[in-house]
Amino acid sequence: MNTIKDTQVSAVLTALHKESETNYTERYAILNSITDTTEREKKHDELRKTAFMSVSPEEGSLLYFLANYAKAKHIVEFGCSFGISTIYLAAAAKNNKGKVTTTELEVTKIAQAGKNIIKAGLAKYVTFLPGDATQTLTTVEGNIDFLFLDGAKALYLPVFKMFEGKLNANAIVYADNTEKPEAQDFVKYIQSKGNFNSTFLFGNKVLLSSRLQ
């Protein structure tokens, strides 16, 4: 089964990726028009509340491939934004008779993400946990096969530590935007662990790790 090629799923992803690109262009047109550093940072924080902050089609395809190949049934996502990455993961979960548990702080984003998942026909494979991930994700049980980190970079390490003991042997940890300064404590921590194999992809933007048996 190749759910990602399903007409309904692919149509929603195509539309969302296009919307994401438009959002990015418009957002940075606004930011680049502001010369004052303080005002620019203020506007940047304001626009983040409606920004897609999504994976690219290439990254999404890789997420789907890895979760599908690993036969991941218990998938956890930290930071779903408008649900683009969630759709890729849910497509793999459908193939594997599994489920995705995801969380998002912004109420409007997670509400729209839910609608996007329904449009893709994958709602039965996703559980949404709105709110602060450091609180909502504590309810997630163990035997995790795939962990995707794509929320606030400063929270990568505490979120990872929350799940470190709940990861199955050969579980995959996919962390996006690991080139960011806020993610460096997580990068150093997981690289120091003897029970994880790690490699960088996309010019150090992604850290891909696998828990050894």
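Structure first, text after, so check above.
Remember, it's a predicted structure, so these values are computed and weren't measured experimentally. Along each chain, residues carry numbers from 1 onward, in the same order as the chain's sequence is written. Only residues with pLDDT of at least 70 get local features here, since the model is predicted, and only at 80 or more are side-chain atom pairs given and counted; chain-wide, interface and lining totals rely on the full set of residues. As a convention, hydrogens and water are excluded, and side-chain values are obtained from all of the structure's heavy atoms.

Draft legend 1. Representation of the overall build of the protein in the model. Put simply, DSSP H or I for four residues or longer makes a helix, DSSP E for two residues or longer makes a strand, and each gets a number counted from the N terminus. Within the protein, the regular secondary structure consists of eight helices and seven strands. Put simply, the radius of gyration uses C-alpha atoms, and a globule should come to 2.2 Å times the residue count raised to 0.38. Over its C-alpha atoms the protein spans a radius of gyration of 17 Å, differing by no more than 12% from the 17 Å that the globule rule assigns to 213 residues. Judged by the C-alpha coordinates and their principal axes, the protein covers about 50 × 40 × 30 Å. Buried, partly exposed and exposed residues are distinguished by accessible area as a fraction of the type maximum, computed with a 1.4 Å probe on protein chains only: under 20%, between the cut-offs, and over 50%, respectively. Classification of the 213 residues of the protein by burial places 46% in the buried group. Residue contacts are defined here by distance: any two heavy atoms, one from each residue, within 4.5 Å place the two residues in contact. Restricting the contact set of the protein to residue pairs at least 6 apart, pairs at least 24 apart contribute 71%. In the form shown here, the protein has an accessible surface area of approximately 10600 Å², with 52% of it arising from carbon and sulfur atoms. Residues scored as positive are Lys and Arg, those scored as negative are Asp and Glu, and His as well as the terminal groups of each chain are ignored. One atom stands in for each charge, and that atom is NZ of Lys, CZ of Arg, CG of Asp or CD of Glu. Side-chain charges of the protein comprise 25 positive and 23 negative groups, with the mean position of each set lying 6 Å from the other. Methods summary: accessible areas were calculated by the Shrake-Rupley approach with a probe of 1.4 Å, and residue burial reflects only the protein chains presented.

Draft legend 2. Quick look at the sheet that holds strand β5 (residues 167–176). Spatially, the seven strands line up as an open sheet ordered β3-β2-β1-β4-β5-β7-β6, and their pairing is mixed. Two strands bound the open sheet, and with one partner strand each, they are β3 (126–130) and β6 (196–201). Each adjacent strand pair in this sheet contributes to an overall mean axis angle of 15°, direction not counted. Strands are treated as partners if at least two bridges between them are detected by DSSP. Axis lines are fitted to C-alpha atoms, over the contacting stretch for helices. Their N-to-C directions set the angle, which ranges from 0 to 180 degrees.

Draft legend 3. Fine view of the nonpolar core. Think of a nonpolar core as a cluster: buried Ala, Val, Leu, Ile, Met, Phe, Trp, Tyr and Cys residues, connected wherever their side-chain atoms sit within 4.5 Å. Counting residues in each nonpolar core, the largest one holds 34 residues, and the members touching the most others are Ile75, Ile87, Leu89, Leu122, Phe146 and Tyr174. Residue assignment for this core shows that the elements contributing at least two residues are α1 (7–32), α3 (57–69), α4 (84–95), β4 (144–149), β5 and β7 (206–211). Here the element with the most residues in this core is α4; it accounts for eight residues. Residues contacting Leu122, with those up to four places away along its chain left out, are Thr3, Val9, Ile87, Ala90, Ala91, Lys94 and Ile117.

Draft legend 4. The pattern of salt bridges, seen in detail. Salt bridges, as used here, are contacts in which a Lys or Arg side-chain nitrogen is within 4 Å of a carboxyl oxygen on Asp or Glu. Counted by the stated rule, this structure contains four salt bridges. The salt bridge partner of Lys205 is Glu59, with a shortest N-O separation of 3.2 Å. Of this pair, Lys205 sits in the loop between β6 and β7 while Glu59 sits in helix α3, placing them 146 residues apart in sequence. Relative accessible area serves as the criterion here: at 2%, Glu59 is assigned to the buried category. The shortest N-O distance in the salt bridge between Asp150 and Lys153 comes to 3.5 Å. Comparing Asp150 with Lys153 shows no difference in burial state: the two are buried.

Draft legend 5. The arrangement of the packing of helix α7 (residues 156–164) against helix α8 (residues 184–192) in detail. Between α7 and α8, the least distance of the axes is 8 Å, while the angle of their chain directions is 35°. Every residue of α8 that contacts α7 at Tyr156, Leu157, Phe160, Lys161 and Glu164 is listed here: Asp185, Phe186, Tyr189 and Ile190. A breakdown of the residues in the contact of α7 with α8 according to their chemical character gives six nonpolar, no polar and three charged. All residues other than Ala, Val, Leu, Ile, Met, Phe, Trp, Tyr, Cys, Pro, Asp, Glu, Lys and Arg, Gly among them, are scored as polar; the first ten of these are nonpolar and the last four charged.

Draft legend 6. Seen up close, unusual backbone geometry. For Asn170, which is not glycine, the phi torsion reads 70° and is therefore positive. Here Asn170 is to be found in strand β5. Unlike most non-glycine residues, Asn177 shows phi in positive territory, near 60°. With respect to the helices and strands, the residue Asn177 is situated in the loop between β5 and α8.

Draft legend 7. Here's a closer look at the side chain of Asn116. Note that Asn116 resides in helix α5 (residues 107–119). Relative accessible area serves as the criterion here: at 3%, Asn116 is assigned to the buried category. Apart from residues lying up to four places away in sequence, Asn116 is in contact with Val12, Leu16, Phe82 and Ile87.

Draft legend 8. Summary view of the packing of aromatic side chains. What counts as a ring pair is set by centres within 6.5 Å for rings of Phe, Tyr and Trp (its six-membered ring), and what kind of pair is set by the plane angle: stacked under 30 degrees, edge-to-face over 60, tilted for all other angles. Overall, the coordinates contain nine aromatic pairs when judged by the stated rule. Ring centres 4.5 Å apart and planes at 35° place the aromatic pair Phe52 and Phe82 in the tilted group. On the criterion of sequence distance, the pair formed by Phe52 in the loop between α2 (37–48) and α3 and Phe82 in the loop between β1 (74–78) and α4 is long-range, its members being 30 residues apart. Phe82 matches Phe52 in its accessibility class, with the two residues each being buried. Taking the centre distance of 5.6 Å and the plane angle of 70° together, the rings of Phe160 and Phe186 count as edge-to-face. One end of the pair, Phe160, is in helix α7; the other, Phe186, is in helix α8, and 26 residues separate them in sequence. Across the pair, exposure class does not vary: Phe160 and Phe186 are buried alike. Taken together, the ring pairs connect Phe78, Tyr156, Phe160, Phe186, Tyr189 and Phe196 into an aromatic cluster. Throughout this description, the term charge over a ring refers to an Arg CZ or Lys NZ atom that lies within 6 Å of the ring centre and within 35 degrees of the ring normal. Lys161 extends its terminal NZ or CZ atom over the ring of Tyr189, reaching a point 5.0 Å from the ring centre.

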